[in-house]
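Residue strings, one per chain:
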Amino acid sequence: MTGEVRLTGGANPGFARGRRLRSTPAMRRWTAQTRLAPADFVLPVFVKEGISDAVPISSMPGVVQHTLDSLRKAAHEAAEAGISGLMLFGIPAEKDPVGSQADAADGIVNVALQQLRADLGDELVLMADLCLCEYTDHGHCGVVTPAGVVDNDPTLDRYAAVAIAQAQAGAHVIAPSGMMDGQVAAIRAGLDSAAFTETPILAYAAKYASGFYGPFREAAEGAPQFGDRSTYQMDPPNTGEALREVAQDLAEGADAVMVKPAGPYLDIVARVVDAVDVPVSAYQVSGEYAMIEAAAANGWIDRQRAVLESLTAIRRAGAGSVLTYWAVEAARWLR
Ligand code: PBG
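Described in the following lines is the structure provided in the data block. Here the residue numbers are simple positions, counted from 1 along each chain's written sequence. Per-residue local features of the predicted model are confined to residues with pLDDT of at least 70, and side-chain atom pairs are confined, for both listing and counting, to 80 or more; whole-chain, interface and lining totals are unaffected and use all residues. Only hydrogens and water are removed before side-chain values are computed, so all heavy atoms of the structure are retained for them.

### Comments concerning the nonpolar core
Now for step 1: Definition of nonpolar core: a set of buried residues of the types Ala, Val, Leu, Ile, Met, Phe, Trp, Tyr and Cys, connected through side-chain atoms within 4.5 Å. Accessible area is worked out with a 1.4 Å probe on protein chains only. A residue is then buried under 20% of its type maximum, exposed over 50%, and partly exposed in between. By size, the foremost hydrophobic cluster in this structure holds 104 residues, and its most contacted members are Phe41, Phe46, Ile83, Leu86, Met87, Leu88 and Tyr283.
Now for step 2: In this description, contact between two residues means that some pair of their heavy atoms is separated by no more than 4.5 Å. In this structure, Phe41 is in contact with Leu36, Ile83, Ser84, Gly85, Leu311, Val322, Thr324, Ala327, Ala330, Ala331 and Leu334, ignoring residues within four places of it in sequence.

### Considerations on the packing of aromatic side chains
The geometry of an aromatic ring pair is captured by two quantities: the separation of the ring centres and the angle between the planes.
Now for step 1: Pairing of aromatic side chains requires ring centres within 6.5 Å, counting the rings of Phe and Tyr and the six-membered ring of Trp. Pairs whose planes differ by under 30 degrees are stacked, by over 60 edge-to-face, and all others tilted. Under the definition given, this model contains nine aromatic pairs.
Now for step 2: Centre to centre, the rings of Tyr204 and Tyr283 are 6.2 Å apart; their planes meet at 45°, and the pair counts as tilted. Placement of the pair is Tyr204 in strand β7 (residues 202-207) and Tyr283 in strand β9 (residues 280-283), with a sequence separation of 79 residues. For the pair formed by Tyr204 and Tyr283, the shared burial category is buried.
Now for step 3: Arranged with centres 6.1 Å apart and planes meeting at 50°, the rings of Tyr283 and Tyr325 form a pair that is tilted. With Tyr283 in strand β9 and Tyr325 in the loop between β10 (321-323) and α12 (327-334), the pair connects residues that are 42 residues apart, well separated along the chain.
Now for step 4: Using a relative accessible area of 1% as the deciding quantity, one classes Tyr283 as buried.
Now for step 5: Given a relative accessible area of 8%, Tyr325 falls into the buried group.
Now for step 6: Through successive ring pairs, a cluster of aromatic residues spans Phe46, Phe89, Tyr204, Phe216, Tyr283, Tyr289, Tyr325 and Trp326.
Now for step 7: Two conditions define a charge located above a ring, namely a distance within 6 Å from the ring centre to NZ of Lys or CZ of Arg, and an angle within 35 degrees of the ring normal. The ring of Tyr213 has Lys207 lying over it, and the distance from NZ or CZ to the ring centre is 5.7 Å.
Now for step 8: Taking NZ or CZ as reference, Lys260 lies 6.0 Å from the ring centre of Phe216, over its face. The numbering of helices and of strands both runs from the N terminus, where a helix is a DSSP run of H or I of at least 4 residues and a strand a run of E of at least 2.

If you want it as structure tokens, here you go:
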């Protein structure tokens, strides 16, 4: 037949095209549709009150609970490595039913924010995780009724107070992770009433009740003392719920949204990215980190390759920014 486009390249011409473009590292670099750069990453960090040296987290090799000083050093290294920001979690010495230390001006996370902001100015985006589970003696993300049920609306008042305290301390971004209904609206109203109208909210909008948070509970010492989080975090089989939570948070005034965990929820990342026009972050959580570290420590997988592949996959799904415990190390590899 004349006019037919002929694909040349051997017995199976149609299949040869992909191989031609993969023949050398330079060729693969040229054709890559997803690239990683240090600015893609945000590092979650833990700062603990009342310790004199950083404490290693056994289920997350390479991750520590920081002292104020070791955190400052880590923050400088993060800035040096070119990552975009830090997500701060505080672990107070004293916990109580309402999580008072979350909004105490001299509470550990607020002191850490003040110091980091003084040290670094605007060099990194300082994000404050806003939740009560690290601060309550019962380990739930909100206040609980005498019957032991998380009490949504009184929790919103606490969240607004915490948001104001964190913004006052120097947080650039407030990141509510407690999954209470109406939390973004309550926090926005609180921030605005305290003249923090310019402080954005990154909502942990689609946060699943996940088994992959296990190691984090050691890191942040925030495991629930009774029950679990399945009434306020999302159910893993569901997609529609994620899109509704995202839409709701945006309607309440969220400036950016997050999907969490990342790797097991890439379909959700992709659907959220398609559905919204605000920045979408994905949180590669503690269990995702621990699995690769454990397999690599056993010699079962190539650590660097698996780490970069996992991060590439999250970006390929469309996440604009990835929260990852490998942020600084991966950034250095990519320089
Ligand atoms: C607390 C919070 C959790 C994580 C981030 N914020 C734990 C949870 O919801 O139980 C998990 C992060 C990780 O596993 O790395 N609201």
